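# Coordinate inspection notes
If you want the building blocks of each chain, they are given just below.
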Protein chains: 2
Amino acid sequence: MPADTSASRIAALYNPEFLREAGRRLGELLAEHFRGVQNRETSVLNWRHPAENVAEAGMFLDMGTVQPALPIPDEVGERFAVLVRKALERGQNLHSPRYVGHQVPPPVPIAGLFDAVSAATNQPMAIYEMGPWATAIETALVERLGAKLGYAKNGFAGFVTHGGSMANLTALLTARNVAIGDAWEAGVPRQGRMPVLVAHGESHYCITRSAGILGLGTRQVVKAAIDDRRRIDPAALDAQLTTLKRENRLPIAVAASSCATLIGAFDPLEAIADVCEKHGVWLHVDAAHGGAVAFSEAHRHLIAGIERADSVVWDAHKMMHVPALCTFVFYKNSAHRFEAFRQDAPYLFDPSDPGLSEYDSGLKTLECTKRGAAFGLWGLWSLFGESIFGDIVDATFQLTRAFYGLLSDAEDFMPLHEPQCNIQVFRHVPEELRAAPADILGRYQLELRKDIVRSGTFYLVPSNKDGTAALRCAIINPLTTPTDLNDLLNELRARGRSVLSRLK
Amino acid sequence: MPADTSASRIAALYNPEFLREAGRRLGELLAEHFRGVQNRETSVLNWRHPAENVAEAGMFLDMGTVQPALPIPDEVGERFAVLVRKALERGQNLHSPRYVGHQVPPPVPIAGLFDAVSAATNQPMAIYEMGPWATAIETALVERLGAKLGYAKNGFAGFVTHGGSMANLTALLTARNVAIGDAWEAGVPRQGRMPVLVAHGESHYCITRSAGILGLGTRQVVKAAIDDRRRIDPAALDAQLTTLKRENRLPIAVAASSCATLIGAFDPLEAIADVCEKHGVWLHVDAAHGGAVAFSEAHRHLIAGIERADSVVWDAHKMMHVPALCTFVFYKNSAHRFEAFRQDAPYLFDPSDPGLSEYDSGLKTLECTKRGAAFGLWGLWSLFGESIFGDIVDATFQLTRAFYGLLSDAEDFMPLHEPQCNIQVFRHVPEELRAAPADILGRYQLELRKDIVRSGTFYLVPSNKDGTAALRCAIINPLTTPTDLNDLLNELRARGRSVLSRLK
């Protein structure tokens, strides 16, 4: 076969032998990488200005490339390794025990190799035929996770979608369509009973966004009153729903959080469910972060009552430690599974086989083509059993209690709440700032954070409580130790001194 | 370290050494799998009833699992291989040259291993810090693909999102927010100028869905008139927009297709852009499938004028042959990049560094956490250079011309259109059905398709033209040969005989 024809170039691209070599190299590169990162030999974030990284990523795209040819030359294997190494060197290292940042975990790496099976073969679903095993593992996982939440067997429905924002949007779209029978076809009404969405004021931003997307308008989001631990106050919610009724407004849902983003507060779901039942309002629970406590005997109580929610969102790519994105949506009543969307696509759905439409994911999800997003979770669970999920929840929650203890005991740190889970908001208040105005204290937190993050020693995130900036950690890497947390405080103190001198 | 504590179990999960072994095994299993599939030794679809696959997938979840322990026992490596092999055996085999089904390609498999780097390490973006290299490769690709479309350097903006449906939704949300200044905050108006969406009547179902989601209502979708080749008719569109103006309606966008789903018709974008400019209406082009013709000298003319579109959607996971999902959204005017969404998330976006928000993907995309979806495309392009994308477009379009020739020459097949790309709709009309009523002829197509698909010999899809069912192929595997296509016709004839006998 001549090496320079289009056909032979294409055949070479698909040369199966190349995967043998690439798989071997990938395994070695990942092993080497994670060893260094987990041993704290590597910076957490390798900070570079974006423009610098963009230019370098582009250089690889533009530079003279090897010609694929049969047999694949060693050159391609070498180049594959160069590209993988570059990507590993320039990424964010969630696997560092000194990553205590956002609510995104270091996935158990092997889950990424299961995802590669889905990626390399493409199992795009939408309809069962286009991803029979992808559909099967998703369905099997929906059954088990729904049971973990406490939903009645055979009564509920669920599916996987790409991330918490899309999941919350889909569930709230369903709630909208159920509350306003003809909203899908006729649009959102602006006369008569004006629709509103009642939500925890510190819910993830995607909840308010959903109101903007769905045509309700973000001004139609009513903040549920919260108690002194920043959880929805059921008695106040009851009064709010009564007032809305008097004002002739139509609450399409109450969106509670397990947990809310700011300090990780878990709403009291049993009492909220009572109120929603009383008023006949859809209860939605965003358990993107907290759903995984269902696996922990010690912490399961935080979501007691979740089985009464009409819809629930749960990110496996948060506290179940699989790669993003893998989010589950549940409906208590399976009759709601086709309420979000309606379509007519003759080239997709075969009317001669109506019984199978139950397994056609495209009827339930925003996605049409939908990668097999649950391979990582299915593989991880099948490999090691479900006990690992409770282990990780317990370990990270316990570490956060320890961190709270360290903060409370220190003269110069101020925890801003007692942690319910693995989220802790705090401030560093060195002696010099004890009497400082709030804006200076806040600016110091942000500058200190930027300094430490760009040094690569630790990764933590900014926050804001009561109008003043603060520091925030999600202790989500189960390899983090109490020593790391103590080192974090010392690093903040040390770097704080030079930040202070610059602030003045 | 005792083997039975939670801490040691967790440490074992993250044991880097395991990746070395798993990577090696993955490479071997994939090589072996693709060799068999590409050599036509494996069924295209291994048909099993969904309930059977679900039960088996669940069995792996429930069965006694190995305990992770340090050092990782061989048992775990074995079990990893068992699980991967099972997933490979039970999937849909897009890599079979006899897969001529949906508009979802067999990805170049090595791209899946680049995706594994993103999955194993998790590079979740939303903000630049959380995926610096993921952001960099996405940005570098946006620059190059936007230039391919013909957008003026520095004038446009773009990003990656999870699939064509979400991409079209986001672009149309932007169009809605631009057309109705306060729709985001106040909701979609139902008085005054009623908003409408003008769309190709054979656009992907997600376009009409978008109207349902966005609060416009699906009834507010006006079908653009089409010509005899099922492309939007610009003169008729001009008249429609004039009528809508007279009726005091507000078109938020004209949604054209490159190409429309039914027969793969490419709308005449230059003429449509003229009409949209004249009426001051946003032009959106869904080029999910067809965007890749930008890489082909022979076929680039099909999207001439696309650089005049206000927004464009392009799936790299269609005709650029990377794993799903990797979709690009472009805005001609970069000022529109933050129009879709607005939020306030103090724990995410650091106000002390406003210059970097340009690189925070979460401000532009529906996703907050967003896997690094462009690793596969970046790796593939960097490895082999961009010429491969044009090669694949040319090869598959040429094969489809050949298929059209075969269908036209055969007495018993009827192509329903001349192909503009790699989509071909047709019917098998054996002698016995020449005078049959349309419903019988249609039922025959569906039954024949089901029969052949479940036999595993070929994979093609159902369609419907003018109310009667038909067969449809996307010839999207560049390893398909003219011989395969000839064999397909013979297989349809042979299986048709037994289907016919059952129909009677």
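Residue numbers run consecutively from 1 along every chain, following the written order of its sequence. Here the convention is simple: chains get letters from A, ligands get numbers from 1, in the order in which they are written. Thresholds applied to this predicted model are a pLDDT of at least 70 for local features of residues and 80 or more for the giving and counting of side-chain atom pairs; totals over whole chains, interfaces and linings are not thresholded and use all residues. Only hydrogens and water are removed before side-chain values are computed, so all heavy atoms of the structure are retained for them.

### Let's talk about the overall build of chain A
A tally of regular secondary structure across chain A gives 15 helices and 11 strands. Its C-alpha radius of gyration of 25 Å places chain A within 12% of the 23 Å reference for a compact globule of 504 residues. By principal-axis analysis of the C-alpha atoms, chain A measures approximately 80 × 75 × 40 Å. Only protein chains enter the accessibility calculation, which uses a 1.4 Å probe; a residue whose area is less than 20% of its type maximum is buried, one above 50% is exposed, and one in between is partly exposed. Among the 504 residues that make up chain A, the fraction classed as buried is 69%. By definition, residues are in contact when any of their heavy atoms lie within 4.5 Å. When contacts within chain A are restricted to residue pairs at least 6 apart in sequence, those whose partners lie at least 24 apart make up 73%. Here the open area of atoms and residues is found with the Shrake-Rupley method and a 1.4 Å probe, where only the protein chains shown may cover a residue. Surface exposure of chain A reaches about 15600 Å², of which carbon and sulfur atoms provide 50%. Within this scheme the basic residues Lys and Arg register as positive and the acidic residues Asp and Glu register as negative, but His and the chain ends are omitted. To locate a charge, take NZ of a lysine, CZ of an arginine, CG of an aspartate or CD of a glutamate. In chain A, which carries 51 positive and 57 negative side-chain charges, the distance between the mean positions of the two groups comes to 5 Å. In DSSP terms, a helix is any run of H or I states spanning at least four residues, a strand is any run of E spanning at least two, and both are numbered starting from the N terminus. Throughout, radius of gyration means the C-alpha value; the globule benchmark is 2.2 Å times the number of residues raised to the power 0.38.

### Some remarks on the pattern of salt bridges
We define a salt bridge as a contact between a side-chain nitrogen of Lys or Arg and a carboxyl oxygen of Asp or Glu at a distance within 4 Å. Going through the model one piece at a time under the given rule, you end up with 70 salt bridges over all chains. A salt bridge links Arg 231 of chain A to Asp 227 of chain A, with the nearest nitrogen and oxygen atoms 3.1 Å apart.

### Here's the deal with the packing of aromatic side chains
Working definition: an aromatic ring pair is given by the centre-to-centre distance plus the angle between the planes. Residues and elements named next belong to chain A. Pairing of aromatic side chains requires ring centres within 6.5 Å, counting the rings of Phe and Tyr and the six-membered ring of Trp. Pairs whose planes differ by under 30 degrees are stacked, by over 60 edge-to-face, and all others tilted. With the rule as written, the count across this model stands at 38 aromatic pairs over all chains. Here the aromatic cluster, defined as three or more aromatic residues joined through ring pairs, consists of Tyr 151, Phe 156, Phe 328 and Phe 330. In this structure, Arg 454 packs its charged tip against the face of Trp 47, placed 3.8 Å from the ring centre. Ring-over charges, as used throughout, are those where CZ of Arg or NZ of Lys falls within 6 Å of the ring centre and within 35 degrees of the ring normal.

### A closer look at the sheet that holds strand E3 (residues 221-224) of chain A
Residues and elements named next belong to chain A. By this definition, two strands are paired if DSSP reports at least two bridges between them. Taken in spatial order, the 7 strands of this open sheet run E1-E7-E6-E5-E4-E2-E3, and their pairing is mixed. Both outer strands of the open sheet, strand E1 (157-161) and E3, are each paired with one neighbouring strand and no more. Recorded for the sheet is a direction-independent mean angle of 20° between the axes of neighbouring strands. Both strand E4 (residues 249-257) and strand E5 (residues 283-286) contribute to a ladder of 4 bridges, which runs parallel. Residue pairing in the sheet places Val 254 in a bridge with Leu 283 of E5. Only the contacting stretch of a helix is used when fitting its axis, a line to C-alpha atoms as for every element, and angles between N-to-C directions run 0 to 180 degrees.

### So, unusual backbone geometry
If a residue is not glycine, its phi is most likely negative; likewise, a peptide bond is most likely trans. Residue and element names in this part refer to chain B. The step from Ser 258 to Cys 259 runs through a cis peptide bond, and the omega angle for that step is 15°. Within the secondary structure, Cys 259 is located in the loop between strand E4 (249-257) and helix H11 (269-279). The residue after Ala 324, namely Leu 325, is reached through a cis peptide bond having omega 0°. Topologically, Leu 325 is positioned in the loop between strand E6 (311-315) and strand E7 (327-331). Phi at Ala 126 is positive, roughly 70°, even though this residue is not glycine. With respect to the helices and strands, the residue Ala 126 is situated in the loop between helix H5 (109-121) and helix H6 (132-149).

### A word on the interface of chain A and chain B
At the interface, 172 residues of chain A touch 171 residues of chain B. By definition, the buried area sums, over both parts, the 1.4 Å-probe accessible area that each loses when the two are put together. When the two sides are added together, the surface that chain A and chain B hide from each other amounts to roughly 14900 Å², 66% of it contributed by carbon and sulfur. Where chain A meets chain B, there are 8 salt bridges. Between Glu 129 of chain B and Arg 449 of chain A there is a salt bridge, with the nearest N and O atoms lying 2.7 Å from each other.

### Examining the side chain of Lys 86 of chain B
Position of Lys 86 of chain B among the secondary structure elements: in helix H4 (residues 74-90). Lys 86 of chain B sits in the buried class, given a relative accessible area of 14%. Distance and chemistry together define a polar contact, namely a pair of N or O atoms within 3.5 Å, with one atom able to donate a hydrogen and the other to accept it when in protein, and with adjacent residues in sequence counting only for side-chain atoms on both sides. Engagement of the side chain of Lys 86 of chain B in a polar contact is seen with the side chain of Glu 56 of chain B, the distance being 2.6 Å. Other than its neighbours up to four places away in sequence, Lys 86 of chain B contacts Trp 133 of chain A together with Glu 56 and Phe 60 of chain B.

### So, the relation of the copies chain A and chain B
The operation relating chain A to chain B is a screw motion whose rotation component is 180°, with 0.0 Å of axial translation and a residual RMSD of 0.0 Å. One copy is carried onto the other by what is essentially a two-fold rotation axis. Comparing contact sets, 99% of the residues at the interface of chain A also lie at the interface in chain B, consistent with an isologous, same-surface contact. Only residues with pLDDT of at least 70 in both copies contribute their C-alpha atoms to the least-squares superposition of the copies.

### Quick look at the domain arrangement of chain A
Residues and elements named next belong to chain A. Split by domain assignment, chain A resolves into domain 1 (3-88), domain 2 (117-343 + 353-384) and domain 3 (387-503). Contacts between the two partners involve 6 residues from domain 1, matched on the other side by 10 residues from domain 3. Both faces considered, domain 1 and domain 3 share a buried interface measuring about 620 Å² in area, 58% of it formed by carbon and sulfur atoms. Our enumeration of links across domain 1 and domain 3 arrives at 1 salt bridge. Each domain's extent was defined by an automatic or database domain assignment.

### So, the nonpolar core
Soluble, globular proteins show a tendency: their nonpolar side chains are buried together. Side-chain atoms within 4.5 Å are what join buried Ala, Val, Leu, Ile, Met, Phe, Trp, Tyr and Cys residues into a set we call a nonpolar core. In this structure, Ile 110 of chain A together with Ile 110 of chain B are the most contacted members of the largest nonpolar core, which totals 275 residues. Ignoring any residue separated from it by four or fewer positions in sequence, one finds Ile 110 of chain B in contact with Phe 18, Leu 19, Ala 22 and Phe 80 of chain A together with Leu 380, Leu 383 and Phe 384 of chain B. Of all hydrophobic cores here, the second largest spans 65 residues; its members include Met 166, Val 221, Ala 288 and Val 329 of chain A.

### A word on the packing of helix H1 (residues 6-13) of chain A against helix H13 (residues 387-409) of chain B
Running from N to C, H1 of chain A and H13 of chain B cross one another at 110°; their axes reach a closest spacing of 10 Å. Considering their axes alone, H1 of chain A and H13 of chain B lie roughly perpendicular with respect to each other. Considering the relative orientation of H1 of chain A and H13 of chain B, their crossing is left-handed. Across from Ser 6, Arg 9, Ile 10 and Leu 13 of chain A in H1 of chain A, the residues of H13 of chain B making contact are Ile 388, Asp 391, Ile 392 and Ala 395 of chain B. Any angle between 65 and 115 degrees counts as roughly perpendicular, while under 35 counts as roughly parallel, over 145 as roughly antiparallel, and the rest as oblique. By convention, the crossing between two helices is left-handed when the near helix turns anticlockwise from the far helix through less than a right angle, and right-handed when the turn is clockwise.

### Focus: the pairing of E7 of chain B
The element E7 of chain B is largely enclosed, with a buried count of 5 among its 5 residues. What you see with E7 of chain B is no split at all: Thr 327, Val 329 and Tyr 331 of chain B on one side and Phe 328 and Phe 330 of chain B on the other are buried throughout.

### Notes on the packing of H6 of chain B against helix H12 (residues 375-384) of chain B
Residue and element names in this part refer to chain B. Two numbers describe how H6 lies on H12: the axes approach to 9 Å, and their chain directions differ by 65°. The two elements H6 and H12 meet at a crossing, and its hand is left-handed. In this structure, H6 uses Trp 133, Ala 134, Ile 137, Leu 141, Arg 144 and Leu 145 to contact H12, whose residues at the interface are Phe 375, Leu 377, Trp 378 and Trp 381. Tallied by class, the residues present in the contact of H6 with H12 amount to 9 nonpolar, no polar and 1 charged. In this classification, Asp, Glu, Lys and Arg are treated as charged, Ala, Val, Leu, Ile, Met, Phe, Trp, Tyr, Cys and Pro as nonpolar, and every other residue, Gly included, as polar.

### A look at helix H7 (residues 164-179) of chain A
Under the 1.5 Å per step criterion, the end-to-end length of H7 of chain A is 22 Å for 16 residues, consistent within 8% with the ideal 22 Å. Where burial is concerned, most of H7 of chain A is hidden: 14 out of the 16 residues are buried. What a helix is expected to span follows from its residue count: subtract one and scale by 1.5 Å.

### A word on the confidence of the model for chain A
Looking at chain A as a whole, the pLDDT averages 94, with 95% of positions reaching at least 70. Taken together, the chains of this predicted complex give a pTM of 0.97 and an interface ipTM of 0.96. Every residue is assigned a pLDDT by the predictor, reflecting its confidence on a scale from 0 to 100.

### Let's talk about the pairing of E3 of chain A
Residues and elements named next belong to chain A. Relative to E3, strand E2 (residues 194-200) is paired through 4 bridges, and the arrangement is parallel. By the bridge assignment, His 200 is partnered in E3 with Ala 224. Assignment of crossover handedness uses the view with strands pointing away from the viewer, where a clockwise path from the first strand over the helix to the second indicates a right-handed crossover. Regarding topology, helix H9 (residues 205-213) serves as the crossover connection from E2 to the parallel E3, and that connection is right-handed.

### Some thoughts on the sheet that holds strand E1 (residues 157-161) of chain B
Residues and elements named next belong to chain B. With mixed pairing, 7 strands are arranged side by side in an open sheet as E1-E7-E6-E5-E4-E2-E3. Across the chains shown, the open sheet's two edge strands, defined by having one partner strand only, are E1 and strand E3 (221-224). Mean inter-strand twist for the sheet, computed between neighbouring axes without regard to direction, equals 20°. Summarising the sheet, E6 and E7 pair through 5 bridges and their orientation is antiparallel. By the bridge assignment, Val 313 is partnered in E7 with Val 329. In this fold H6 packs onto E1, E6 and E7, with an angle of close to 65° to the strand it touches most, E7.

### Let's talk about the side chain of Thr 174 of chain B
Residue and element names in this part refer to chain B. Looking at the secondary structure, you find Thr 174 in helix H7 (residues 164-179). Note on Thr 174: relative accessible area 0%, which makes it buried. When neighbours within four sequence positions are excluded, Thr 174 is seen to be in contact with Trp 282, Tyr 331, His 336, Glu 339 and Ala 340.

### Observations concerning the state of the cysteines
All names here are of chain B. Our working definition of a disulfide is a cysteine sulfur pair at a distance within 2.5 Å. Under the definition given, this model contains 0 disulfides over all chains. Not engaged in a disulfide, the cysteine Cys 473 finds its nearest cysteine sulfur in Cys 421; these two sulfurs lie 13 Å apart. Classification of Cys 473 by relative accessible area gives buried; the value is 0%.

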